[in-house]
Amino acid sequence: MMRLKEPIELLSSSLHAHPRLISPTYTIVNQVPQVKIIVHCKGCLSTKVAVSTKQVLGRRLQNDFKQSKWLFSFRKVHPTLYASKTNDTSSTVPPNTDSENIKPELQDSNGVGPSWKFDQNGHHSERLSLDGESSAILGKDWSAGIFSVDIDNDYCPGQTLLEIHGVDQEGLLFDVTSSFSELGISVQSAEILTKNDQIFDRFVIMDSHTNAAIPKEKWKVIQDSILSRIKKRKFVDTSKDDPFLTEQVSFLTDTLNKVVAQHGQSDVIVAVNTLQKGFEDLRSNQDPRKRAELLRYIDKMEEPMITAVIRIFYLYSSLLNIADEAHSHRQRREQVRASRTGIPLWYASFDHTFRLFKNSGIDSIELQELLSKTEYNPVFTAHPTEARRREILTCLHRIFLLCNDREDPRLSLAQRADLETEIEAELEILWRTDEMRTRRPTVLEEIQTGLDYFRFSLFDAVCTTYRYAENSLHDVYPDSGLVVPSFIKFGSWIGGDRDGNPFVLPETTILASLLQSRLILAEYIRRCRTCQDTLTHSLLVCKVSEELLESLQRDQIVMEKIPAIRHDGALYEQEPYRLKFRVMRHRLEQTLRIINAHLRALGEAGKCDELLIDIEYNIDEIPGLDPKEDAYANEAKFLQDLTIIDKSLRESGDVRLADSKLKDLIRLAETFGFHLCALDVRQESIVHTEATEECMRLLGLAENYSALSESEKVSKIVGALSLPPPVDQIQKLSNKMSESTRRVVDIICACADVMDTISHKAIASYVISMTRQASHVLEVLLLAWISCRGIIEKDSSGKWSSRLMVTPLFETIPDLEHMPAALSVLLENQVYKDIVEASGGVQEVMLGYSDSCKDGGITASAFNLYKAQEVIQSISNNAGVSARIFHGRGGTVGRGAGPTHESILAQPPGSVNGQIKFTEQGEVITYRYGNSETATYELTVGITGLLKASHPTTRPNVAYNPKYFSIMQCMATEAEREYRGLTDETEGFYDYFHEATIVNEISLINIGSRPSRRNSAIRDKSSLRAIPWVFAWAQSRHTLPAWFGVGSGILGYTQNQPERVQELQRMYAEWPFFRTFLSNVQMSLFKASMEIAQEYARLCRNRITEKLVYDLVAHEYNLTKAQFLMVSQQNAVLEDHPFLERSFDTRRKYLDPLNHIQVILLGRRRDPTITDSQKSLWEKPLLRTIKAIASNMRNTG
């Protein structure tokens, strides 16, 4: 190989001699499959001048570079010129260096090398060194976190130069380019320069709508948007770990070690340290002998020792989760304190969002309209992905609160020591508590776990979220009269989702609704008691409103029934607020007594065997008094009383008191009503079709319903709905129904009972999974009509009434393909449109992320779901019906998960119109809503994402680009072909899946009440639910569902052509959907480990299958990683998220040993030569590894 010094010297001379290039400098960047020579110049190339290879290089230089297989193709690109490499993948060599002497560290495993800068003599200087101007700027002291954003339109005609100076920070470049996307700015070129920790970034930008320079009136909006993102980074030191975080982790792990040692298990600590250090060394130096030595060390451990080691690694990860969460809280608190000096709060805060609105020209009237139509609706599900016991979760919650207290700088040494003693005691409880369930959780236990989040966290978080929104709104829009409505609503599937869960009965749905109501009523009673004790105003020293006095007069009848007031008539006589709250408490207690009576009736009738006899919120009856006499008829009456008190306080000048505890109570009442969260009911379409077939025959409406065509089915059902309900036949009909059909109708009757007993808001949607045809939706309406419970009916004047929203769920890729036709048939039918109007005027459509990903791979799934949202909006707009998309996402990237704010902003323009509904499940609920501060943050970033995405001025402002759609379709097609080639066409793939993962053992760990398989006798994707599919691949460190096919999809489009690569790089910068998609993929790439996956692969019985499948997976992994780095222009995965990178690197200290322990235990359990008793001995430790790995990965399914 030739030395490159002479060509480089000639290149430098030619560039400096060229009349069109002013003060040129250049950088050589090796980025497989291309090599770029980036030429920077302070002058501007004329738009009419073509710079040819010959002009710049000269013939000799051209020939020299061709000999080294570098093909230059200069073209006019301002301010950079690109030189592209041929498909030859040989490494790039810096000047003055022989190719054979290149040090290995100059290249990573994907062929992505460093960038070099050269002086005029071709000598290698520092990486990305700077010219004089840049060096002067970067020579300043930016360490205080000061940043500047300068904008200039004189740099080049028709384009704008934007320069950012400051300190490099975590995710800085990602945030800047995200700002460009939001503001409708296209980046023509960029120069990203770094010296130590200082940055000087230059972007040549244009308005993406006008393709012209940015007008001056928009400069401030751009500057404020970028600075608000950047300044949040002031407190993030990316060069080292946060000392508070490091200390917190050390304290917790050291204290746990102390507890373990005190119980006589010091040898366990030694074993843990040996494994931790050994596998950590292996990551930096792959030594087969060392690996074998560690595996032998594990293999020699007896069952008690290996169990204790697994438990410690599990608890280490749980404590690390606590420390990480506390670290995030600390950073946000510091930013809040700093905001008092004028520094904007973090990106996605209310403060940032409202400032963005104001700077974008949104006035108070427009903003009020947006706020008034906003509805943010997380829906909690009981999908079995929370592997931890409720007892473990509550103990960890207590430790988290104590750790927060321990960080208080005002503590004395004695107080801090006391807190550390308490933490030690809690860690002792944690060590002495078995994390394993002895049986599957019942549905009742799942309901109670779901309710814990409200009690421990969400009641306070909701109030705090509203308060933050109001404070920020008043700061940014002072004296505007803007009002923040109560736009947060919660939903739940826990106790209502019966798809595949035979344990969710009609009575279970009633039970779940009653327990929810009981919890919120008890919370209202508690808070009313607090207000009663606080608002001690006396008529002798202040005035109250006439409305309040009149309401007390009306309450006289109720007062006579309250024992305390009846026995002491003068009680609270001069204290009207206390008296009013006492009456309100009485009425709430009566309402609670009604709920308790229904709970007791369920238990006594034997319909709910799971019902706890000891009702936690039970209160004694008042002798001789029927609770129905004084109970609140509905939440509106309760809110009316609260509003009377609020108005009286404000009119008398007690605004601070009205804005305190009373306002929180009003917020809760507006958010939760008497139902807490609206319950969704879900069942599979085939169940309704079979019930409809039977009912049609029994009613004489159709003898053979299943034989009818789709149009005939629709016609039959619509015709039946127009008839009066069969009230006179219902009893006879019920007697003739099969058990399965009666249960379907009973479910609908249960919905009616809940709405009649608690609130019409207590049931939200009836979700139909596996929907493919319009008749699947209409069948549920027919069954509701048959129930004769007034859920759907038509009066004599022809007016429809409907109390139930029916929501089709499209899950698999074939379902998504059928969706447009099914939805069009529905919304073109006038009867159906009238029913939709009667049920609220909104057609809700649910999209399932999990099954579509399992079916066709992550790329095809993501893009098909994106397109589906656009189709839904188009069809509903054409029909004149409002549509709301219900996002059925899971806990992992492979099931649609990702950061909430970015995920909402990545939705298609127009698909988010002030409302969003989405599922939250399993361990994700714990991580996002387990603690009040975290829940407040999660609610905030979700709501601000919704607000931005709902306004045309602030949503990511990228005009529809058919080219991007065409590119994405090409990638999705190639990626799906690769994915199906692996999962559907590779011989032995499902043998590999069952033998190289823990999928067969998942059902033994008792995560949830629902079975993990649809059909255990079949080995394919269709027989397995999405959660165990994702869970099993994650445990074995393949994480395959979250990335497989992405690399093939990208390569299938680019074909290693530089211009296509550049297209994808622009697409990544400009299209939020594509950027968010790849950003989520990289997280799963980072969690994967092909080295550890290979250890699991060796568990396959067939060596040919092992090698075939593993090689296919590993090849696609390496390809996907390389293609991602090329498109994102990063040097390493998670380079733009260093905190996440460090956090997961820390977890690997626990995770890598656990994976190797699991592999050994799997081998023992599956060893045909050992006895059943020996297998049983190792089963429980094996199951513990599943929980421990799930905790370290921070997700299961």
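Note that the structure is predicted; figures quoted are calculated from it, not measured.

A.B. asks: Can you break down the overall build of the chain residue by residue, with the values?
C.D. replies: Of the regular secondary structure elements, the chain holds 44 helices and 17 strands. Out of the 1197 residues belonging to the chain, those deemed buried represent 60%. The contacts of the chain with a sequence gap of at least 6 include a subset with a gap of at least 24, amounting to 80%.

A.B. asks: Which residues make up the pairing of strand β11 (residues 763-769), and what are the values?
C.D. replies: A regular strand carries its side chains on alternate faces of the sheet. Of all the 7 residues making up β11, 6 are buried; the element is thus mostly covered by neighbouring parts of the structure. Pairing of β11 with strand β14 (residues 805-810) involves 4 bridges; the strand directions are parallel. The partner of isoleucine 768 across the bridge, within β14, is proline 808.

A.B. asks: Kindly report on the confidence of the model for the chain, identifying the contributing residues and their values.
C.D. replies: Looking at the chain, pLDDT values average 82 and 81% of them are 70 or higher. Contacts for the low-pLDDT stretch residues 26-145, under 50 throughout, to residues beyond four places or in other chains number 274 contacts. Low pLDDT, under 50, characterises residues 609-614; the stretch is placed with 9 contacts to residues that sit more than four places away or in other chains.

A.B. asks: Lay out the nonpolar core with the relevant residues and their values.
C.D. replies: Counting 162 residues, the largest nonpolar core has Tyr524 and Phe638 as the members making the most contacts within it. Residue contributions to this core peak at 15 residues, all from helix α14 (residues 443-476). For phenylalanine 638, the contacting residues outside a window of four places in its chain are Tyr524, Cys528, Met584, Leu588, Tyr632, Leu665, Ala669 and Phe674. Grouped together as the second largest cluster of nonpolar side chains are 129 residues, Leu245, Ile306, Phe989 and Val999 included.

A.B. asks: Describe the packing of aromatic side chains, with residues and values.
C.D. replies: Applying the stated criterion to the full structure yields 43 aromatic pairs. Where tyrosine 466 meets phenylalanine 487, the ring centres are 5.7 Å apart and the plane angle is 55°; that geometry is what we call tilted. In this pair, tyrosine 466 is assigned in helix α14 and phenylalanine 487 in the loop between α14 and β9 (491-492), connecting sequence segments 21 residues apart. Note on accessibility: tyrosine 466 and phenylalanine 487 belong to one class, buried. Linked through ring pairs, Phe380, Tyr453, Phe454, Phe459, Phe490, Phe672 and Tyr929 together constitute an aromatic cluster. A cation over an aromatic ring shows up here: lysine 358 above the ring of tyrosine 477, its NZ or CZ 5.5 Å from the ring centre.

A.B. asks: Quick rundown of helix α31 (residues 858-879)? Include the residues and the values.
C.D. replies: In a regular helix each residue adds 1.5 Å, so 22 residues correspond to 32 Å; α31 covers 31 Å between its end C-alpha atoms and thus fits that length. Directly after α31, the chain includes glycine 880, whose backbone phi takes a positive value near 75°.

A.B. asks: Give a detailed account of unusual backbone geometry, specifying residues and quantitative values.
C.D. replies: Here aspartate 479, not a glycine, exhibits a phi torsion of approximately 55°, which is positive. Within the secondary structure layout, aspartate 479 lies in the loop between α14 and β9.

A.B. asks: Can you break down the sheet that holds strand β15 (residues 842-848) residue by residue, with the values?
C.D. replies: The parallel closed barrel is built from 8 strands, whose spatial order is β8-β9-β10-β11-β14-β15-β16-β17. Taken together, the 2 bridges between strand β8 (residues 375-381) and β9 define a ladder with parallel strand orientation. Its bridge partner lying in β9, valine 379 is registered against glycine 491. The sheet strands contacting helix α23 (residues 685-698) are β10 (678-684) and β11, and the helix crosses β10 at an angle near 70°.

A.B. asks: Got a sec to walk through a negative patch on the surface? Specific residues and values, please.
C.D. replies: A surface patch of like charges, here negative, comprises Glu546, Glu547, Glu550 and Glu651. Residue contributions to the negative patch peak at 3 residues, all from helix α16 (residues 546-554). One can find glutamate 651 in helix α21 (residues 635-651).

A.B. asks: Give a detailed account of the packing of helix α6 (residues 243-262) against helix α12 (residues 390-406), specifying residues and quantitative values.
C.D. replies: With their axes 12 Å apart at the nearest point, α6 and α12 run at an angle of 130° to one another. The pairing of α6 with α12 is recorded here as oblique in orientation. Both α6 and α12 take part in a crossing whose hand is right-handed. For the pair α6 and α12, the contacting residues are Glu247, Gln248, Phe251 and Leu252 in the first and Ile399, Cys403 and Arg406 in the second. Residues belonging to the contact of α6 with α12 are distributed by class as follows: 4 nonpolar, 1 polar and 2 charged.

A.B. asks: Just give me the short version of the pairing of β14, but keep the residues and values in it.
C.D. replies: Counting buried positions along β14 yields 6 of 6 residues, so the element is predominantly enclosed. Both faces of β14 are covered, namely the face carrying Met805, Thr807 and Leu809 and the face carrying Val806, Pro808 and Phe810. Of the strand pairs in this sheet, β14 and β15 are connected by 2 bridges, and their pairing is parallel. Bridge assignment links phenylalanine 810 to a residue of β15, and that residue is leucine 847.

A.B. asks: Describe the environment of methionine 968, and please don't skip the residues or the numbers.
C.D. replies: In this fold, methionine 968 is placed in helix α35 (residues 962-983). The buried category is assigned to methionine 968, whose relative accessible area is 0%. Once the C-alpha coordinates of methionine 968 and tyrosine 1053 are considered, the two residues, 85 residues apart in sequence, prove to be 8.8 Å apart. Dropping the residues within four chain positions of it, methionine 968 is found in contact with Thr859, Phe863, Met1067, Trp1071, Phe1073, Phe1074 and Phe1077.

A.B. asks: Help me get a handle on the side chain of glutamine 843, residues and values and all.
C.D. replies: Here glutamine 843 shows up in strand β15. A polar contact of 2.5 Å, which involves the side chain of glutamine 843, links it to the side chain of tyrosine 832. Once you skip the residues sitting within four places of it in the chain, glutamine 843 turns out to touch Val806, Pro808, Leu823, Leu827, Tyr832, Val836, Val881, Ser882, Ala883 and Arg884.

A.B. asks: Can you tell me about the state of the cysteines, naming the residues and giving the values?
C.D. replies: Cysteine pairs can be linked by a disulfide, which is a covalent bond between their two sulfur atoms. Enumeration according to the criterion identifies 0 disulfides in this entry. A disulfide-free cysteine, cysteine 531 has its sulfur positioned 6.4 Å from the sulfur of cysteine 528, the nearest such atom. There is no disulfide at cysteine 788, and the cysteine sulfur nearest it, in cysteine 749, is 8.5 Å away. According to the relative accessible area criterion, cysteine 788 is partly exposed, its value standing at 23%.

A.B. asks: Tell me about the environment of leucine 427, and please be specific about residues and values.
C.D. replies: Tracing the backbone through its elements, the reader meets leucine 427 in helix α13 (residues 413-432). With 28 residues separating them in the primary sequence, leucine 427 and isoleucine 399 have C-alpha atoms 7.8 Å apart. Excluding anything up to four places from it in sequence, leucine 427 contacts Leu252, Thr255, Leu256, Val259, Leu319 and Ile399.

A.B. asks: If you had to explain helix α8 (residues 288-299) to someone new, which residues and values would you point to?
C.D. replies: With 12 residues, α8 extends 16 Å between its outermost C-alpha atoms, agreeing within 8% with the 16 Å of an ideal straight helix rising 1.5 Å per residue. Along α8, the residues that are buried comprise Arg291, Leu294 and Ile298. Viewed along the axis of α8, the buried residues span an arc of 65°, placing them on a single side of the element. Between a side-chain oxygen at the N-terminus of α8 and the backbone nitrogen of arginine 289 the separation is 3.0 Å; the capping residue is aspartate 287.

A.B. asks: How would you summarise the side chain of serine 769 if you had to cite specific residues and measurements?
C.D. replies: As for its placement among the helices and strands, serine 769 is situated in strand β11. Residue classification places serine 769 among the buried residues on the basis of a relative accessible area of 0%. Setting aside anything within four residues of it in sequence, one finds serine 769 in contact with Asp499, Arg682, Gln683, Glu684, Ser685, Leu809 and Glu811.

A.B. asks: Help me get a handle on the packing of helix α39 (residues 1058-1070) against helix α40 (residues 1072-1087), residues and values and all.
C.D. replies: Contact pair α39 / α40: the axes reach a minimum separation of 5 Å and the direction vectors enclose 95°. Regarding the angle of α39 to α40, the classification is roughly perpendicular. Across the interface between the two elements, Leu1064, Met1067, Tyr1068, Ala1069 and Glu1070 from α39 touch Pro1072, Phe1074, Arg1075 and Leu1078 from α40. For the contact of α39 with α40, the residue count by class is 7 nonpolar, no polar and 2 charged.

A.B. asks: Break down the pattern of salt bridges for me, with residues and values.
C.D. replies: A full pass over the atoms with the stated rule returns 64 salt bridges. In the salt-bridge network here, residues are joined through shared partners; they are Glu470, Asp646, Arg650, Asp659, Lys663 and Arg667.

About the thresholds
Residues numbered from 1 in each chain as written. Predicted model: local features only at pLDDT ≥ 70, side-chain atom pairs only at ≥ 80, totals over all residues. Heavy atoms only, no water. Helix = DSSP H or I, 4+ residues; strand = E, 2+ residues; numbered from the N terminus. Buried < 20%, exposed > 50% of the residue type's maximum accessible area, 1.4 Å probe, protein only. Contact = heavy atoms within 4.5 Å. Pairing = 2+ DSSP bridges. pLDDT = per-residue confidence, 0-100. Core = buried A, V, L, I, M, F, W, Y, C linked by side-chain atoms within 4.5 Å. Phe/Tyr/Trp six-rings, centres within 6.5 Å; stacked < 30°, edge-to-face > 60°. Lys NZ or Arg CZ within 6 Å of the ring centre and 35° of its normal. Expected span 1.5 Å × (residues − 1). Axes fitted to C-alpha atoms, helices over the stretch in contact; angles between N-to-C directions. Patch = residues over 30% accessible without salt bridge, like charges linked within 9 Å, V, L, I, M, F, W, Y side chains within 5 Å. Areas by Shrake-Rupley, 256 points an atom, 1.4 Å probe, with all protein chains shown as cover. Salt bridge = Lys/Arg side-chain N within 4 Å of Asp/Glu carboxyl O. Lys, Arg positive; Asp, Glu negative; His and termini not counted. Charge placed at Lys NZ, Arg CZ, Asp CG, Glu CD. Parallel < 35°, antiparallel > 145°, perpendicular 65-115°, else oblique. Left-handed = near helix turned anticlockwise from the far one by under 90°. Nonpolar A, V, L, I, M, F, W, Y, C, P; charged D, E, K, R; others polar. Polar contact = N/O pair within 3.5 Å; in protein donor to acceptor, adjacent residues only side chain to side chain. Disulfide = S-S within 2.5 Å. Arc of directions from axis to C-beta.

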